[in-house]
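# Topology and contacts: notes
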Amino acid sequence: MQHFSLQLKTILSSLVLFSLFTACNPEKKTTETNTDVITETDSTAQMNTKKPVDIHTFAIPEEAKITHLDLKLNVDFENKMLSGVATYDIEVQNNIDKIYLDTRSLTIEKVEVDGQKAEFELANEDQNLGQKLAIPVTSQSQKVTITYQTSSEAEALQWLSPSQTAGKKSPFLFTQSQAILARTWVPTQDSPGIRFTYTAEVTVPKELMAVMSAENPQQKNDSGVYTFKMEQPIPAYLLALSVGDLRFQPIGERTGVYAEPSMISKSAYEFEEMDKMLDAAEKLYGEYAWGRYDLIVLPPSFPFGGMENPRLTFATPTILAGDRSLTSLVAHELAHSWSGNLVTNATWNDFWLNEGFTVYFENRIMEEVYGKDYAEMLALISYQDLKNEVEAMKKAGSGEDTRLKLDLTDRNPDDGVTSIAYDKGFYLLKLIENTVGREKFDIFLNQYFTEFAFKTTNTEDFLTYLDKNLLSKVEGSMQKINPKEWIYETGIPSNIPKIESERYDKAIAAATSWKEGTPAAQLETKDWAYQQWLFFLSALPEDLTSQQMEELDKQFEFSETGNNEILGKWLVKVAHNQYEKSYPQLRKFLVNVGRRKFLSPIYGELIANEKTIPLAKEIYEEAKPNYHFVSSSSIEKMLEGK
Ligand code: BES
Ligand code: ZN
């Protein structure tokens, strides 16, 4: 996946490294080792586990942790503010006198411990982590109550005016908490290793409806007060809320979709196969643990393709192609119900355990529902993305980050959101499958998901578990796979599986033939899947003349396609080759769509060329109000100094 463009990555990494090397919680460091693990016997686990230390939280869960959240929130669209009360059940160890929570840009009005007002301390802001909230407690303390409100700086929140929605009549709000933005809308212990259950009561304007990553309403009520319950313990990055003029339409018995009224039937059509995917997933890796699986189609500002909020995937409308062609994204977010939400990466350094497993599982679901051909094409897209990303990262000086195990010390976890976690992770798992055989690997994965359910794993624990339960039983497999090279070394190992695909070969053949002079009109492109168009576009020379661009666009109507994957890739070419005839479409796309994966490469091309920098700036100014913080901060870093 081209999650991040190259230029952006370098700028971001160096910037974060430069400005933040002094940051990061010096006080906490004295109680922990400098490596990112401390060895400790965990009596509840079978293994003598190394407990990972999450460098992206102020919480010290070994001393005091939250176990349940009861949240009362009022949603104020006029002031773009959430205000309310978060009450936590807590567990405090003996001789411990403080519980630490993460906050960022929150106004803390009052803190009570078991009903008594407490003298809390809110530390100065750390650029990466926000503000540490220290609350005095004793080992007897049971409840902490925090009265607070959010600010305009809340990076998780995007407040949309009516004109930024499909219906144009009502405002809209959504949250994006992963990786460490939950703390900007709820004071919490914001670490993937700390799980808690939650209940919530959210008050919204009467004409709107609220949904969360929890048991959800299916209808609007007259009071504007909605209650929620999440009975399974989840980490804070999976807290999610969305408020708008929403409708619900069921798909299967356990599945359904939420969207604005004008989008609901299109959405229900597009995701018709959700139920089949859920059945396929359960058949592969065991029972779905979360009750219902619904999906909400958000306004186009949503900065990601999808977000695996439990029970309710948040999704971009850019996957509504009208022909159900882009639904592998649903398979991906659904797969996270196992890899990620059930078995969670212990720290953001182990992010590949969430995403690599999910891309593998997504591929298996798609194979189950759409066949082998389809899964092969997806695997080849992964390969291309991986190859491009590794090359780009090396060129940009961030080659160290091409290891699966990351070192995000004093950095933003967003730095780890690259193709490496997704596609290198996927290929390691594919290699294991190929080496030990699918049958054995599936048994292993089932066991893994069962044993680690509602727990976390880190890379080291996974390696130990893999060796003990799988590789040691298949002679020679450890040597053949050499997982440590994949995990701790940079680049692409030479034993990466080769994927064969007829459909891929056909697309490459067509591109070759066009390069050799066959007119576009004579190419054989009948019945191509959208992935073949992506292969075709990737195989074209980077530099094309206006005549060549025009020939391709006239013949294949790329600028007008309703498939945003194809359009996104085409617009990169439009920007690179300054193909002005498609500038109106380019502008429209950049202004309307806030999905970072599409924006970064297009802006990257515009900014890479002196001539088009002014255009990039002008479009960005117009588009900025439509972008979530996640996207606008990325684009702004690309534009810095230009
Ligand atoms: N969990 C991720 C999105 C994410 C990652 C948000 C890191 C914040 C920090 C989600 O599951 C994801 O991977 N989305 C992809 C979908 C794709 C791989 C099918 C996306 O948004 O492009
Ligand atoms: Zn994912």
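This brings us to the overall build of the protein. A tally of helices and strands in the protein yields 20 helices and 23 strands. In terms of C-alpha radius of gyration, the protein reaches 24 Å, essentially the compact-globule figure of 26 Å for 642 residues. The dimensions of the protein, computed from C-alpha atoms along their principal axes, are 80 × 65 × 50 Å. Expressed as a percentage of its 642 residues, the buried residues of the protein come to 62%.

A few words on the packing of helix H8 (residues 419-436) against helix H9 (residues 438-451). As a packed pair, H8 and H9 sit with axes 6 Å apart at the nearest point and diverge in direction by 125°. One way to sum up the angle between H8 and H9 is to call them oblique. Along its contact with H8, which presents Leu 429, Lys 430, Ile 432, Glu 433 and Val 436, the element H9 presents Arg 438, Lys 440 and Phe 441. Taken together, the residues that form the contact of H8 with H9 break down as four nonpolar, no polar and four charged.

So, about the coordination of the zinc ion (ligand 2). Bound to the zinc ion (ligand 2) are the protein donor atoms His 332 (NE2), His 336 (NE2), Glu 355 (OE) and Glu 355 (OE), situated 2.0 to 2.8 Å from the metal. The coordination sphere of the zinc ion (ligand 2) comprises six donor atoms, whose angles at the metal cover 52 to 159°; the geometry is irregular. Of note, the donors binding the zinc ion (ligand 2) are all from one chain and are spaced H-x3-H-x18-E. Within this pair, whereas His 336 is found in the loop between helix H5 (328-335) and strand E22 (343-345), its partner Glu 355 is found in helix H6 (residues 351-370), the two being separated by 19 residues in sequence. Taken individually, His 336 and Glu 355 each receive the classification buried, so the pair is uniform in this respect.

A few words on the site of ligand 1. Taken together, 18 residues are adjacent to ligand 1, and Gln 178, Gly 305, Glu 308, Glu 333 and Tyr 422 come closest. At a separation of 3.3 Å, a nitrogen atom of ligand 1 approaches a polar backbone atom of Gly 306. Glu 355 places a side-chain nitrogen or oxygen 3.1 Å from a nitrogen atom of ligand 1. The protein chains hide 95% of the 520 Å² of surface that ligand 1 would expose on its own. No other element matches H5, which puts three residues into the shell around ligand 1. Here the shell around ligand 1 is built from residues that sort into seven nonpolar, seven polar and four charged.

Rules behind the numbers
- Residues numbered from 1 in each chain as written.
- Chains lettered and ligands numbered in written order.
- Predicted model: local features only at pLDDT ≥ 70, side-chain atom pairs only at ≥ 80, totals over all residues.
- Heavy atoms only, no water.
- Helix = DSSP H or I, 4+ residues; strand = E, 2+ residues; numbered from the N terminus.
- Rg over C-alpha atoms; globule rule 2.2 N^0.38 Å.
- Buried < 20%, exposed > 50% of the residue type's maximum accessible area, 1.4 Å probe, protein only.
- Axes fitted to C-alpha atoms, helices over the stretch in contact; angles between N-to-C directions.
- Parallel < 35°, antiparallel > 145°, perpendicular 65-115°, else oblique.
- Contact = heavy atoms within 4.5 Å.
- Nonpolar A, V, L, I, M, F, W, Y, C, P; charged D, E, K, R; others polar.
- Donors = N, O, S within 2.8 Å, 3.2 Å for Na, K, Ca; no water.
- Tetrahedral: all angles 85-135°; square planar, octahedral: opposite > 155°, others 65-115°.
- Near = heavy atom within 4 Å.
- Polar contact = N/O pair within 3.5 Å; in protein donor to acceptor, adjacent residues only side chain to side chain.
- Areas by Shrake-Rupley, 256 points an atom, 1.4 Å probe, with all protein chains shown as cover.

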